[in-house]
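# Overview (structure and organization)
Here's the letter readout for the chains.
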Amino acid sequence: MDLTRSDRYIMLAEDDADEREFFQEALESLGVEFRLEIFRNGMELVTALNQCTALECYPDIVFLDLNMPILNGWETLKEIRAEEQFKDVPIIAILTTSNSENDKRAAFEKGADAFISKPTSFDSLKVLIAKALNTDWAGKVKNMDDFIIRP
């Protein structure tokens, strides 16, 4: 995704209000045009996706938190990947405080396109978001070597 593109549509599923604000501020500080839709849990995100009837409402990229109430990131990822129309939507950055190799492997195997451990600094978050937005997900070959996005 080209950071100079002005028509990107980003979905974020994150239950923590401070984390949502941190993410939005980091995205805004990149100086790019975007439309951000924020969901407090995976169920809200899945419901919104299932209401899409045209390609225009499909997001360019989805950021998921793993630990959310109602429908967590793992369950959300599974539900999205089960729908044929969403198989090419990049589910990027399974955002989590976990740095577990098991979580990374599980996210890869369940169909996530990338894994990001939540950074503690604003600048690191900006770098991670920019890397995710600048990746050509359609042409990317998935392998564990470049699955983890680092600042």
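It should be noted that the structure appears before, not after, this text.
Reading the values: the criteria
Residues numbered from 1 in each chain as written. Predicted model: local features only at pLDDT ≥ 70, side-chain atom pairs only at ≥ 80, totals over all residues. Heavy atoms only, no water. Helix = DSSP H or I, 4+ residues; strand = E, 2+ residues; numbered from the N terminus. Rg over C-alpha atoms; globule rule 2.2 N^0.38 Å. Buried < 20%, exposed > 50% of the residue type's maximum accessible area, 1.4 Å probe, protein only. Contact = heavy atoms within 4.5 Å. Areas by Shrake-Rupley, 256 points an atom, 1.4 Å probe, with all protein chains shown as cover. Salt bridge = Lys/Arg side-chain N within 4 Å of Asp/Glu carboxyl O. Patch = residues over 30% accessible without salt bridge, like charges linked within 9 Å, V, L, I, M, F, W, Y side chains within 5 Å. Lys, Arg positive; Asp, Glu negative; His and termini not counted. Charge placed at Lys NZ, Arg CZ, Asp CG, Glu CD. Pairing = 2+ DSSP bridges. Axes fitted to C-alpha atoms, helices over the stretch in contact; angles between N-to-C directions. Parallel < 35°, antiparallel > 145°, perpendicular 65-115°, else oblique. Left-handed = near helix turned anticlockwise from the far one by under 90°. Nonpolar A, V, L, I, M, F, W, Y, C, P; charged D, E, K, R; others polar. Right-handed = clockwise from strand over helix to strand, strands pointing away.

### Side note on the overall build of the protein
Within the protein, the regular secondary structure consists of 5 helices and 5 strands. Counting helices and strands in the order they occur from the N terminus, the protein gives β-α-β-α-β-α-β-α-β-α. Here the protein has a C-alpha radius of gyration of 14 Å; the compact-globule value for 151 residues is 15 Å, and the two agree. With the C-alpha coordinates aligned to their principal axes, the bounding extent of the protein is approximately 35 × 35 × 35 Å. Considering the protein as a whole, with its 151 residues, one finds that 46% of them fall into the buried category. In the protein, once contacts between residues fewer than 6 apart in sequence are set aside, the share between residues at least 24 apart is 70%. A total accessible area of about 7700 Å² is found for the protein, and carbon and sulfur atoms account for 46% of it.

### Describing the pattern of salt bridges
Under the definition given, this model contains 6 salt bridges. Residue Glu14 is joined to Lys118 by a salt bridge in which the shortest nitrogen-to-oxygen separation is 2.9 Å. Separated by 104 residues along the polypeptide, Glu14 in the loop between β1 (8-13) and α1 (17-29) and Lys118 in the loop between β5 (115-117) and α5 (122-134) bring together distant segments of the chain. Across the pair, Lys118 and Glu14 agree in class, each one buried. Residue Glu44 pairs with Arg40 through a salt bridge whose shortest N-O separation is 2.7 Å. Residues joined by salt bridges that share partners form a network here, namely Glu14, Asp65 and Lys118.

### A closer look at a negative patch on the surface
On the surface, a cluster of negative charge is made up of Asp15, Asp16, Asp18, Glu21, Glu25 and Glu28. By the element assignment, Glu25 lies in helix α1.

### Re the pairing of strand β3 (residues 61-65)
Most of β3 is tucked away: 5 of the 5 residues are buried. In β3, alternate side chains face the same way, and those of Ile61, Phe63 and Asp65 on one face and Val62 and Leu64 on the other are all buried. Pairing of β1 with β3 involves 4 bridges; the strand directions are parallel. Paired with Ile10 across the bridge in β3 is Ile61.

### Focus on the packing of helix α2 (residues 42-50) against helix α3 (residues 73-82)
For any two helices packed against each other, the geometry is given by the interaxial angle and the distance between the axes. Put simply, α2 and α3 touch, their axes get as near as 9 Å, and they point 15° apart. Judged by the inter-axis angle, α2 sits roughly parallel to α3. The hand of the α2/α3 crossing is right-handed. Side by side, α2 and α3 meet where Gly42, Leu45, Val46 and Leu49 of the first sit next to Thr76, Glu79 and Ile80 of the second. Partitioning the contact of α2 with α3 into residue classes produces 4 nonpolar, 2 polar and 1 charged.

### Describing the pairing of β1
Counting buried residues along β1, 6 of its 6 residues qualify, which places the element largely inside the surrounding structure. Side-chain alternation along β1 places Arg8, Ile10 and Leu12 on one buried face and Tyr9, Met11 and Ala13 on a second face that is also buried. As paired elements, β1 and strand β2 (residues 34-39) share 6 bridges and run parallel to each other. Across the sheet, residue Tyr9 finds its bridge partner in β2, namely Arg35. In terms of handedness, the path from β1 via α1 over to β2 forms a crossover that is right-handed.

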